[in-house]
Amino acid sequence: ISDSNQDGPNSLELTLSHAVGFIIVASIVLIFLFYLDATKLVVFIFTMSASIASFITATRPLCAHFLKRHADRPLHFLRLPGVSSTPTLVDLIASILSFSLAIWWLSQHSNPKAGPIGSWILQDFFGICLCVLFLQLVQLNSLKVATMLLGLALCYDVFFVFLTPYLFHGQSIMVTVAAGR
């Protein structure tokens, strides 16, 4: 895992408006998932984000370590118009590896005969990669913002797990969405 640049242009410092906005967006998405059966969409989004996160946090640094001689070799034939950087051999190999892992997870996840053994290990790996990427990209420099975010997340959880059964004919929105019903 490469060192993250704390003050770099790719990091985002969370503010109070970000914390409130995050809970509002999470609530809207949860209600959307409750009313519409979007399980396949969620699995697709997870697969793509897991592929990207594993590329950034795991496969690219590993490939760069093992292919030190070829780490900076540019592949000019893969250069995209409008993109300033040229992909390297390490980028290509790591991209193929990350995408292949994500596709393999998808095939295992959606195949009931395959069994859960391989898919949950890879799903945990992808989850860890997403968390590491989030920690690299987001800065939480204020205790006030952290307290607000955690307090709002607690209220969000309590409302959608314990209070929505009283509003939605005995159905907990969070439990229903998590169970995939």
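Structural notes, computed from the coordinates.

The rules behind these values
Residues numbered from 1 in each chain as written. Predicted model: local features only at pLDDT ≥ 70, side-chain atom pairs only at ≥ 80, totals over all residues. Heavy atoms only, no water. Core = buried A, V, L, I, M, F, W, Y, C linked by side-chain atoms within 4.5 Å. Buried < 20%, exposed > 50% of the residue type's maximum accessible area, 1.4 Å probe, protein only. Helix = DSSP H or I, 4+ residues; strand = E, 2+ residues; numbered from the N terminus. Contact = heavy atoms within 4.5 Å. Salt bridge = Lys/Arg side-chain N within 4 Å of Asp/Glu carboxyl O. Phe/Tyr/Trp six-rings, centres within 6.5 Å; stacked < 30°, edge-to-face > 60°. Expected span 1.5 Å × (residues − 1). Arc of directions from axis to C-beta. Axes fitted to C-alpha atoms, helices over the stretch in contact; angles between N-to-C directions. Parallel < 35°, antiparallel > 145°, perpendicular 65-115°, else oblique. Left-handed = near helix turned anticlockwise from the far one by under 90°.

With eight residues, the main nonpolar core is built from Ile23, Ala26, Leu30, Phe34, Tyr156, Phe160, Ile173 and Met174. Secondary-structure elements contributing two or more residues to this core are α1 (16-35), α5 (143-167) and α6 (173-179). Broken down by element, this core gets its largest block of residues, four residues, from α1. Those residues in contact with Tyr156 that sit more than four places away from it in its chain are Ile23, Ala26, Ser27, Leu30 and Met174. By size, the runner-up hydrophobic cluster in this structure holds six residues, among which are Ala50, Ala102, Trp105 and Phe126.

Time to look at the pattern of salt bridges. Evaluated as defined, the whole model comprises one salt bridge. One salt bridge in this structure joins Asp91 and Arg60, with 2.4 Å as the shortest N-O distance. Here Asp91 is found in helix α3 (residues 89-109), whereas its partner Arg60 is found in helix α2 (residues 39-66), with 31 residues between them in sequence. Under the relative-accessibility criterion, Asp91 is labelled buried at 17%. The partly exposed category is assigned to Arg60, whose relative accessible area is 25%.

As a further point, take the packing of aromatic side chains. Under the criterion given, the structure shown has eight aromatic pairs. Taken together, the aromatic side chains of Phe46, Trp105, Phe125 and Phe126 make up a single cluster linked through ring pairs.

It is worth spelling out α1 at this point. Between the first and last C-alpha of α1 there are 29 Å, a value that for 20 residues agrees with the 28 Å anticipated at 1.5 Å per step. Among the residues of α1, Ala19, Ile23, Ala26, Ser27, Leu30 and Phe34 are the ones counted as buried. Buried residues of α1 fall within an arc of 100° about the axis and therefore sit on the same side. The exposed residues of α1 that point more than 90 degrees off its buried face are Ser17, Val25, Ile28 and Tyr35. The inward-facing, buried residues of α1 abut α5 and α6.

Okay, the packing of α1 against α5 next. Two numbers describe how α1 lies on α5: the axes approach to 8 Å, and their chain directions differ by 20°. As summarised for this structure, α1 and α5 are arranged roughly parallel, according to the angle between their axes. In terms of crossing hand, the pair formed by α1 and α5 is right-handed. For the pair α1 and α5, the contacting residues are Leu16, Ala19, Val20, Phe22, Ile23, Ala26, Ser27, Leu30 and Ile31 in the first and Lys144, Val145, Met148, Leu149, Leu152, Ala153, Tyr156 and Phe160 in the second.

These values are about where atoms sit, not about what they do.
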